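Descriptive structure summary
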Amino acid sequence: MERIGDLLSNLPTDYAKALIQILTADNWNRLDRDVNFYQLGLGIGKVVSRIDRETLKALVKSCDYYQSLCRGIARGMDGIELERDLVLYLGNLSPVMAMELLANLELYKYPDIMKILAVNVAQLKHIPNVGSNIARQFDKLPFEIRRQILDIFKDNSMFLYEFLQSVNLNKVDNIENFLNKNKDIDEIIGYRLYEVNDKMKEKLLNFPSISIGVGKGFQNLPYHWKRKVIEKMKEDKEFAKGFLSSIDLSLLEDEFLDVIVKVGESELELSRVLGRNFGNSLPYLTEDLKRLAFNTAQGNPDFARGFGEGISESLGSFIGFIRGKVYELKKEDQESVLDLALSNDNFANGLLTTFNAIFFFDNKEKVLELMIKHEQYLKLFIEQIGRRINDFDLFKLLSLNSKLTSELGKILCRNFIYLSKKNRELVLDWLSKNNELKEGFLQC
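Computed from a predicted structure; not experimentally measured. All chains use their own residue numbering, which begins from 1 and follows the written sequence. Restriction of local features to residues with pLDDT of at least 70 applies here, the model being predicted, together with a cutoff of 80 or more for giving and counting side-chain atom pairs; totals for whole chains, interfaces and linings are based on all residues. Here the side-chain values reflect all heavy atoms present in the structure, with hydrogen atoms and water set aside.

1. Remarks on the state of the cysteines
The criterion for a disulfide is a pair of cysteine sulfur atoms lying within 2.5 Å. Across all of its chains, the model carries one disulfide by this definition. Put simply, cysteine 63 and cysteine 70 are joined by a disulfide, and their sulfur atoms are 1.9 Å apart. Residues cysteine 63 and cysteine 70 are joined by a disulfide whose S-S torsion is about 100 degrees; by sign, that bridge is right-handed. Pair check on accessibility: cysteine 63 and cysteine 70 agree, each one buried. The buried label goes to any residue with under 20% of its type's maximum accessible area, the exposed label to any with over 50%, and the partly exposed label to all in between, with areas taken from a 1.4 Å probe on protein chains only.

2. Quick look at the packing of aromatic side chains
The way to describe two aromatic rings as a pair is by their centre distance and the angle between their planes. What counts as a ring pair is set by centres within 6.5 Å for rings of Phe, Tyr and Trp (its six-membered ring), and what kind of pair is set by the plane angle: stacked under 30 degrees, edge-to-face over 60, tilted for all other angles. A complete count under the given rule lists 21 aromatic pairs for this structure. When the centroid spacing of 6.3 Å and the interplanar angle of 20 degrees are considered together, the rings of phenylalanine 355 and tyrosine 377 count as stacked. Pair noted here: phenylalanine 355 is in the loop between α23 (345-351) and α24 (364-373) and tyrosine 377 is in the loop between α24 and α25 (378-385), with a separation of 22 residues, a long-range link. Here phenylalanine 355 and tyrosine 377 have matching classes, each one buried. Aromatic side chains phenylalanine 359 and phenylalanine 381 sit 5.7 Å apart centroid to centroid with 5 degrees between the ring planes, which places their arrangement in the stacked category. Here phenylalanine 359, found in the loop between α23 and α24, pairs with phenylalanine 381, found in helix α25; they are 22 residues apart in sequence, far enough to count as distant. Summarising the burial analysis for this pair, phenylalanine 359 and phenylalanine 381 share the class buried. Going along the chain from the N terminus, every DSSP run of H or I of four or more residues is numbered as a helix, and every run of E of two or more is numbered as a strand.

3. Description of the packing of helix α6 (residues 84-93) against helix α8 (residues 111-121)
How two helices pack is summed up by the angle between their axes together with the distance between the axes. Orientation is described by axes fitted as lines to C-alpha atoms, over the contacting stretch for helices, and by angles from 0 to 180 degrees between their N-to-C directions. Contact pair α6 / α8: the axes reach a minimum separation of 10 Å and the direction vectors enclose 5 degrees. Looking at the two axes, α6 sits roughly parallel to α8. Where α6 approaches α8, its residues Arg84, Val87, Leu88, Gly91 and Asn92 are matched on the opposing element by Asp112, Ile113, Ile116, Leu117 and Asn120. Following the grouping adopted for this structure description, the nonpolar residues are Ala, Val, Leu, Ile, Met, Phe, Trp, Tyr, Cys and Pro, the charged ones are Asp, Glu, Lys and Arg, and the polar ones are all others, Gly among them. A per-class count over the contact of α6 with α8 returns five nonpolar, three polar and two charged. Roughly parallel means an angle under 35 degrees; roughly antiparallel, over 145; roughly perpendicular, 65 to 115; everything else is oblique. The criterion used for residue contact is that any of the two residues' heavy atoms lie within 4.5 Å.

4. What about the side chain of arginine 146?
Within the secondary structure layout, arginine 146 lies in helix α10 (residues 143-152). In summary, the charge assignment counts Lys and Arg as positive and Asp and Glu as negative, without counting His or the chain termini. Salt bridge criterion: a side-chain nitrogen from Lys or Arg within 4 Å of a carboxyl oxygen from Asp or Glu. No salt bridge is formed by the buried arginine 146; its nearest oppositely charged neighbour, aspartate 139, is found at 5.9 Å. At 3.1 Å, the side chain of arginine 146 forms a polar contact with the backbone oxygen of leucine 141. Discounting residues that sit within four places of it in the chain, arginine 146 has contacts with Phe138, Asp139, Leu141 and Lys171. We define a polar contact as two N or O atoms separated by no more than 3.5 Å, with the added condition that, inside protein, one atom must be a possible hydrogen donor and the other a possible acceptor, whereas residues neighbouring each other in sequence contribute only through side-chain atom pairs.

5. Looking at unusual backbone geometry
One can expect most non-glycine residues to show negative phi and most peptide bonds to be in trans. Not every positive phi belongs to a glycine, and asparagine 129 is a case in point at roughly 75 degrees. Of note, asparagine 129 is situated in the loop between α8 and α9 (130-137). With relative accessibility at 39%, the residue asparagine 129 sits in the partly exposed group.

6. Brief notes about the nonpolar core
Within this scheme, the nonpolar core is defined by two criteria: the residues are buried Ala, Val, Leu, Ile, Met, Phe, Trp, Tyr or Cys, and they are joined through side-chain atoms within 4.5 Å. Residues Phe307 and Phe381 are the most contacted members of the largest nonpolar core, which totals 140 residues. Looking at this core element by element, the count peaks at seven residues for helix α7 (residues 95-104). Excluding residues that lie within four positions of it along the chain, phenylalanine 307 makes contacts with Gly275, Arg276, Phe278, Gly279, Leu282, Ala293, Phe294, Ala297, Leu340 and Phe347.

7. A closer look at the pattern of salt bridges
Across all of its chains, the model carries 33 salt bridges by this definition. Residue lysine 226 pairs with glutamate 253 through a salt bridge whose shortest N-O separation is 2.9 Å. Highlighted residues: lysine 226 in helix α15 (residues 223-235) and glutamate 253 in the loop between α16 (237-246) and α17 (254-265), separated in sequence by 27 residues. You can call glutamate 253 partly exposed: its relative accessible area is 27%. Salt-bridge contacts for aspartate 429 lead to lysine 433; the nearest nitrogen and oxygen are separated by 3.5 Å. We classify lysine 433 as exposed; its relative accessible area is 54%. Where salt bridges share partners, they join Lys237, Glu238, Lys241, Glu267 and Glu269 into one cluster.

8. Some remarks on helix α5 (residues 67-77)
Among the eleven residues in α5, eight count as buried, and that is most of the element. Every buried residue belonging to α5 is among Ser68, Leu69, Cys70, Gly72, Ile73, Ala74, Gly76 and Met77, and all of these are buried. In this fold, the buried residues of α5 make contact with α3 (33-46), α4 (53-61), α6 and α7. Of the residues flanking the end of α5, it is glycine 79, one or two places downstream, whose phi is positive at about 95 degrees.

9. Observations regarding the environment of isoleucine 44
Within the secondary structure layout, isoleucine 44 lies in helix α3. Distance from isoleucine 44 to lysine 290, taken between C-alpha atoms, is 61 Å for residues 246 residues apart in sequence.

10. So, the side chain of lysine 201
Inspection of the secondary structure assignment puts lysine 201 in helix α13 (residues 198-204). Given the relative accessible area of 4%, lysine 201 is considered buried. Discounting chain neighbours no more than four positions away, the residues touching lysine 201 are Leu193, Tyr194, Val196, Leu221 and Trp225.

11. Things to note about the confidence of the model for the protein
Residue-level confidence of the predictor is summarised by pLDDT, bounded by 0 at the bottom and 100 at the top. The share of residues in the protein with pLDDT of 70 or more is 91%, and the mean pLDDT across the chain is 91. Mean pLDDT across the elements of the protein ranges from a minimum in helix α21 (residues 319-322), with 49, to a maximum in helix α14 (residues 211-216), with 98.

12. Quick word on the environment of leucine 164
If you trace the backbone, leucine 164 turns up in helix α11 (residues 157-166). A residue is classified by how much of its surface remains accessible, and leucine 164, at 0% relative accessible area, is buried. A sequence separation of eleven residues divides leucine 164 from isoleucine 175, and the C-alpha atoms of the two residues are 9.5 Å apart. Those residues in contact with leucine 164, other than ones at most four positions away along the chain, are Leu169, Phe178, Ile185, Ile188, Ile189 and Arg192.

Shown next, in the form of structure tokens:
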């Protein structure tokens, strides 16, 4: 496909248009269509200055349907000597083409064109790589152009997210103007607080919305500013909520940990937030911090609820798995969690928030004991047990004689094929003497 791009530069305009029509016909339904258009674009981009304007216009018009073509053209142009007027011409043909030029080319030599392309792109919400590419060139642009480009994209969350992730924040004026629009953007600014000058740090700390990011980036701050952040947390409850939810407890200096625990214990909502953080972090905590968490949960019901919720949410979540950070409790920690749940109702209710988390524990006897103790969760437990029913003491389940016997019958019927021989015989025996179980079994 790349060779066709070179061929287009040698064809008369009418022939070139005919070739484009053939290549972009609606009935061209190959699965690798986007890859082929991208390769075609690469070839065109490398010889773009030799292709006449009418042919380019026809090509770019196709990008409304085949965006990979314009992406290929822009990538093909990367590294060749760019003609100012040609870049402007292409960028004015289509917002999609303008976006790909901004996302793939170094245009800092033509700041006025970069601004024009930004205006052309501003109407689009989905503009991948534009923010990060402009960020890489940002310090090479004149100050006025910097200001104007940021003003053009001030309401585009995708641009701001990528831009603020990649740019040195010390190069950006009036960062506070980007706050309170999108929580992810606020988090990035908070995380990268260490990059800005002291005057800007003072200003940004007045915005509680950055506190989650500040917590995540706390260890990057100089000691002097760590102390200032801790003071801010003590004074501002909204700031404290975000900060306590995200601070990496395992990296904290003892003096800051003591203050954080004290602040967390001072207010009910903050106790729950701090407890959730301990729960989310449990596998990665030192033994001292684990002891602190379990001891605090024994005496603080709100912390206990949050601690249980944090463990539950993390065990039952696929986000950590996707990010490559698997939340996995050691056996001794599992035992400590189940023992605490059996003795502390607040913690147990938190632990059962994300219900499927309970199946991650190895000690099925204690899990079943916990379910029987908290019978309000039994229906959910029975509904979700499925093929895992062999892991539990089926005799105990059958002996409950609760309102859920019929529901248990349905589950046993659906999963009868997966039952062990011993459990099949047990079920058949119970079916002969328990009508409710039999009724549910037959409904399946």
